[in-house]
Amino acid sequence: MTELSANVHFQHGQLTENFPDNHLSNTRSFRLKWDGESDEENDNTGRTRHENSDNPDSESNGQPQNSTRQVVEPDDEEEELTLKYGAKHVIMLFAPVTLCMVVVVATIKSVSFYTRKDGQLIYTPFTEETETVGQRALNSILNAAIMISVIIVMTILLVVLYKYRCYKVIHGWLIISSLFLLFFFSFIYLGEVFKTYNLAMDYITLALMVWNFGVVGMICIHWKGPLRLQQAYLIMISALMALVFIKYLPEWTAWLILAVISVYDLIAVLSPKGPLRMLVETAQERNETLFPALIYSCLVDHACWLRKNLSHYKNVSNVYKTYPAEKTDTVRCLIYSGLHQRGVKLGLGDFIFYSVLVGKASATASGDWNTTLACFVAILIGLCLTLLLLAIFKKALPALPISITFGLVFYFATDNLVQPFMDQLAFHQFYI
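Starting from 1, residues in each chain are numbered consecutively following that chain's sequence as written. With the structure being a predicted model, the display of local features is reserved for residues of pLDDT at least 70 and the display and counting of side-chain atom pairs for 80 or more, all residues being used for whole-chain, interface and lining totals. Values reported for side chains reflect all heavy atoms of the structure, with hydrogen atoms and water molecules removed beforehand.

A.B. asks: How should I be thinking about the overall build of the chain in this particular structure?
C.D. replies: Secondary structure summary: the chain contains 13 helices and 8 strands in total. Three exposure classes are used, based on accessible area relative to the maximum for each residue type with a 1.4 Å probe and protein chains only: buried under 20%, partly exposed in between, and exposed over 50%. Going through the 432 residues of the chain one by one, you find that 44% of them count as buried. Contacts between residues were defined by any pair of non-hydrogen atoms, one from each residue, lying within 4.5 Å. Put simply, of all contacts in the chain between residues at least 6 apart along the chain, 75% involve residues at least 24 apart. Split by element, the accessible area of the chain, about 22900 Å² in all, is 63% carbon and sulfur. In DSSP terms, a helix is any run of H or I states spanning at least four residues, a strand is any run of E spanning at least two, and both are numbered starting from the N terminus. Accessible surface is estimated by sampling points in the Shrake-Rupley manner with a 1.4 Å probe; for residues, cover comes only from the protein chains shown.

A.B. asks: Even after reading the chapter, I still don't get the packing of aromatic side chains, so can you show me in this structure?
C.D. replies: Aromatic rings considered in pairs are described by the distance between their centres and by the relative angle of their planes. The rule is short: rings of Phe, Tyr and Trp, with Trp giving its six-membered ring, pair when the centres are within 6.5 Å, and they are stacked under 30 degrees, edge-to-face over 60, tilted in between. Inspection of every chain in the model, using the stated rule, returns 13 aromatic pairs. Aromatic side chains Phe-113 and Tyr-114 sit 5.0 Å apart centroid to centroid with 85 degrees between the ring planes, which places their arrangement in the edge-to-face category. For Tyr-114, a relative accessible area of 6% translates into the label buried. In textbook terms, an aromatic cluster arises when at least three aromatic residues are bridged by ring pairs, as seen for Phe-113, Tyr-114 and Tyr-189. As a reminder, the over-ring test applies to NZ of lysine and CZ of arginine, requiring each to be within 6 Å of the ring centre and within 35 degrees of the ring normal. Its guanidinium or amino end placed over the ring of Tyr-162, Arg-286 lies 5.1 Å from that ring's centre, counting from NZ or CZ.

A.B. asks: Can you walk me through the environment of Ile-235 in this structure?
C.D. replies: The topology assignment puts Ile-235 in helix 6 (residues 227–248). Distance from Ile-235 to Cys-100, taken between C-alpha atoms, is 5.7 Å for residues 135 residues apart in sequence.

A.B. asks: Is there a simple way to explain the nonpolar core in this structure?
C.D. replies: General note: in soluble globular proteins, nonpolar side chains tend to be found buried as a group. What we call a nonpolar core is a set of buried Ala, Val, Leu, Ile, Met, Phe, Trp, Tyr and Cys residues that are connected through their side-chain atoms within 4.5 Å. Judged by nonpolar contacts, the single largest core of 85 residues is most densely connected at Leu-93, Val-97, Tyr-296, Tyr-354 and Leu-357. Here Val-97 is in contact with Leu-346, Phe-351, Tyr-354, Leu-380 and Leu-383, once residues within four sequence places are set aside.

A.B. asks: Help me understand helix 8 (residues 275–285) in this model?
C.D. replies: Given 3.6 residues per turn, any residue in an α-helix points the same way as the ones three and four places further on. For helix 8, the full list of buried residues reads Pro-275, Leu-276, Leu-279, Val-280, Thr-282 and Ala-283. Looking straight down helix 8, one finds its buried side chains confined to an arc of 160 degrees; they lie on one side. Turned more than 90 degrees away from the buried face of helix 8, the exposed residues are Gln-284 and Glu-285. Of the residues trailing helix 8, Asn-287 is marked for its positive phi of about 55 degrees. By construction, the arc corresponds to the directions joining the helix axis to the C-beta atoms.

A.B. asks: Could you clarify how one ought to interpret the confidence of the model for the chain in this entry?
C.D. replies: One number per residue, pLDDT, summarises how confident the predictor is, and it ranges from 0 to 100. Averaged over all residues, the pLDDT of the chain is 77; the fraction at 70 or higher stands at 69%. Scored below 50 in pLDDT, residues 310–317 shows 21 contacts in the model against residues more than four places distant or in partner chains. pLDDT under 50 marks residues 331–341. Its contacts with residues more than four places away, or in other chains, come to 28 contacts.

A.B. asks: What should I look at first to understand the side chain of Gln-230 in this one?
C.D. replies: Relative to the helices and strands, Gln-230 resides in helix 6. Identification of polar contacts relies on pairs of N or O atoms within 3.5 Å, with a donor-acceptor requirement for protein atoms, meaning one able to donate a hydrogen and the other able to accept it, and with residues adjacent in sequence counted only if both atoms are side-chain atoms. Among the polar contacts listed, one links the side chain of Gln-230 to the backbone oxygen of Cys-220, at a separation of 3.1 Å. In this structure Gln-230 touches Cys-220, Ile-221 and Pro-292, once residues within four positions along its chain are discounted.

A.B. asks: Got a minute to help me understand the side chain of Gln-231 in this structure?
C.D. replies: Note on placement: Gln-231 falls in helix 6. Setting aside residues up to four positions removed in sequence, Gln-231 forms contacts with Tyr-296, Ser-297 and Cys-298.

A.B. asks: Just to check I follow, could you spell out a nonpolar patch on the surface for this structure?
C.D. replies: Patches here: salt-bridge-free residues with over 30% relative accessible area, like charges joined within 9 Å, nonpolar side chains (Val, Leu, Ile, Met, Phe, Trp, Tyr) joined within 5 Å. By definition, a salt bridge exists where a carboxyl oxygen of Asp or Glu is found within 4 Å of a side-chain nitrogen of Lys or Arg. Taken together, the side chains of Val-377, Ile-381, Leu-385, Leu-388, Leu-389, Ile-392 and Phe-393 define a hydrophobic patch exposed on the protein surface, amounting to about 600 Å² of accessible area. By secondary structure assignment, the location of Leu-385 is in helix 12 (residues 369–393). Exposure remark for Leu-385: the relative accessible area of 35% places this residue in the partly exposed category.

A.B. asks: Would you mind showing me how to read the pattern of salt bridges here?
C.D. replies: Proximity of charged atoms lets side chains of opposite charge pair with each other. A complete count under the given rule lists 6 salt bridges for this structure. We note a salt bridge from Asp-118 to Lys-247, for which the minimum N-O separation is 2.8 Å. Of this pair, Asp-118 sits in the loop between helix 2 (76–110) and helix 3 (133–163) while Lys-247 sits in helix 6, and the two are 129 residues apart along the sequence. Overall, the relative accessible area of 2% leaves Lys-247 in the buried class. Among the ionic pairs, Glu-251 bridges to Arg-136, the shortest N-O distance being 3.9 Å.

A.B. asks: How do you make sense of unusual backbone geometry when you look at a structure like this?
C.D. replies: With glycine set apart, most residues show a phi of negative sign, and most peptide bonds adopt trans. The phi dihedral of Lys-394 is positive, around 55 degrees, even though this residue is not glycine. Following the sequence through the fold, Lys-394 ends up in the loop between helix 12 and helix 13 (400–427). Although it is not a glycine, Gln-429 sits at a positive phi angle of roughly 55 degrees. With respect to the secondary-structure elements, Gln-429 resides in the segment after helix 13.

Next comes the structure, spelled out in structure tokens:
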């Protein structure tokens, strides 16, 4: 699921920001000075607004002053900024998605532990080692149905808990999940990497490494920390979860789950009563952000944004002249926090299933790099199209359907058509 969050809007010298006050959404306007506007005009405007704020009973044209001031004017720069930062968001999302898939593919190619079949998840109890193709297909369908049912039930449970403000239960749930991923799964991952490369490591040193890695990750994800560090931990968590799915999901079941989960994502986000849509709408109504452990936030740096896009204003400090002195700090924090929140958000589930598709292609396509690269390019093309639709519709959209569909088509087409063709060319020593 992708979501575009941009709380600050500019309209010909007007900056409007949705400001939460006791969980209620109010809209306040701040006036910035244009290059062609004189200081006297701006000061007069500031004095007028200050006098109106001191006299709440004053009237204009026989009408009482409203506490909410909005200026609705056509602005071509709004569309320009959307396209500009839409393109920037494509690049900013390509990097983490690519990094997550590269980590998974590199692990699959080097560490045999994640390609060795040691069992299955409890959610996929039916084996695919059957005598007939029909029985294998039936077992994979049953496994996929159970897995999707579990995902649907857990999603609905999360929405119900969030709707009734059971934040402590959700935080506890996410903390336990993060503990397993950052401590237990990372311990297994490091152990297998050291075995693969024949590196000597005692358990005390390994435990200290895992402890430091896990504690810093818990602090960054569930409390506070540098944004880059939080993003790095979210990418690592997604990669570890994807590796678990690649190892323990049977081949046919994995492909079927990817196909069904993309359809479910489409319904859950776009249908009026879809659980993910209800979750996003509830968060927007409460003017709250979703939990960082579930969402990868691709934010634009507010300082860079301000420097590049407010250059046509003479002085940002003129904003503060229109408000009393005691409100100056609030206005300053409001502007910069709003600018900092411009960005695209991508669910960690999207990272996980992108990586599962590429990892499975790398593990099951006879080690063929053509198929792996084809799936990788297909996912990035689908993500780019999804972000294009996001810039057009400006609402939360599912990120899985287009990318997963392209990935599956490219996988089966490359594995069954392109790769045999390349093998025949190599066998007969033909060069194109």
